[in-house]
Amino acid sequence: MWQTSEGDRTLAGDEATFICNAIDSLIDRLLERFSIPDQMQDPDGWQWDFKVGISQFDALTPHQQISLLHCVA
């Protein structure tokens, strides 16, 4: 549920299913990063090209991105 200028907003039905599937797909992509041994060795020096186009989200580490997606879900 989100607070909006028009009151609380809760997703339901197909809309909720769509968002859940989108979050699940994003988390799958983020988890792929942990299957790359070199990047697991050096978590502070990770480099990869996965971007969603939201600069604040893209600037986070994969751990932070997964945590944020969990909070949103």
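Please refer to the structure placed before this passage.
Keep in mind it's a predicted model, so treat the numbers as computed, not measured.

Peer 1: I would appreciate a short explanation of the overall build of the protein in the present structure.
Peer 2: The number of helices and strands found in the protein is 4 helices and 2 strands. Taken from N to C terminus, the helices and strands of the protein fall in the order β-β-α-α-α-α. Accessible surface for the protein amounts to roughly 5,700 Å². Of this, 54% is attributable to carbon and sulfur atoms.

Peer 1: Sorry if this is basic, but what is going on with helix α4 (residues 62-72) here?
Peer 2: Since the α-helix advances by 3.6 residues per turn, residues separated by three or four positions end up pointing in the same direction. Within the span of α4, buried status applies to Pro62, Gln65 and Leu69. Projected onto a plane normal to the axis of α4, the buried residues spread over an arc of 55° and lie on a single side. Away from its buried face by more than 90 degrees, α4 exposes His63, His70 and Cys71. If you follow the buried residues of α4, they end up packed against α1 (13-32) and α3 (55-58).

Peer 1: In this structure, what is going on with the layout of surface pockets? I would like to understand it.
Peer 2: Here the largest pocket is characterised by a volume of approximately 170 Å³. Lining the largest pocket we find Met1, Trp2, Thr10, Leu11, Ala16, Ile19, Cys20, Ile23, Val72 and Ala73. Of the residues forming the lining of the largest pocket, the biggest block, 4 residues, is contributed by α1. Among the residues forming the lining of the largest pocket, the class breakdown is 9 nonpolar, 1 polar and no charged.

Peer 1: Would you take a moment to explain a nonpolar patch on the surface for this structure?
Peer 2: A grouping of Trp2, Leu68 and Val72 is seen on the molecular surface, where their side chains present a nonpolar patch of about 260 Å² in accessible area. Inspection of the secondary structure puts Trp2 in strand β1 (residues 2-4).

So, how was this worked out
Residues numbered from 1 in each chain as written. Predicted model: local features only at pLDDT ≥ 70, side-chain atom pairs only at ≥ 80, totals over all residues. Heavy atoms only, no water. Helix = DSSP H or I, 4+ residues; strand = E, 2+ residues; numbered from the N terminus. Areas by Shrake-Rupley, 256 points an atom, 1.4 Å probe, with all protein chains shown as cover. Buried < 20%, exposed > 50% of the residue type's maximum accessible area, 1.4 Å probe, protein only. Arc of directions from axis to C-beta. Contact = heavy atoms within 4.5 Å. 1 Å grid on protein atoms, 1.4 Å probe; cavity = no way out; pocket = protein on both sides within 12 Å on 5 of 7 lines; lining within 4 Å. Points joined across faces, edges and corners; volume = space filled by probe spheres on them. Nonpolar A, V, L, I, M, F, W, Y, C, P; charged D, E, K, R; others polar. Patch = residues over 30% accessible without salt bridge, like charges linked within 9 Å, V, L, I, M, F, W, Y side chains within 5 Å. Salt bridge = Lys/Arg side-chain N within 4 Å of Asp/Glu carboxyl O.

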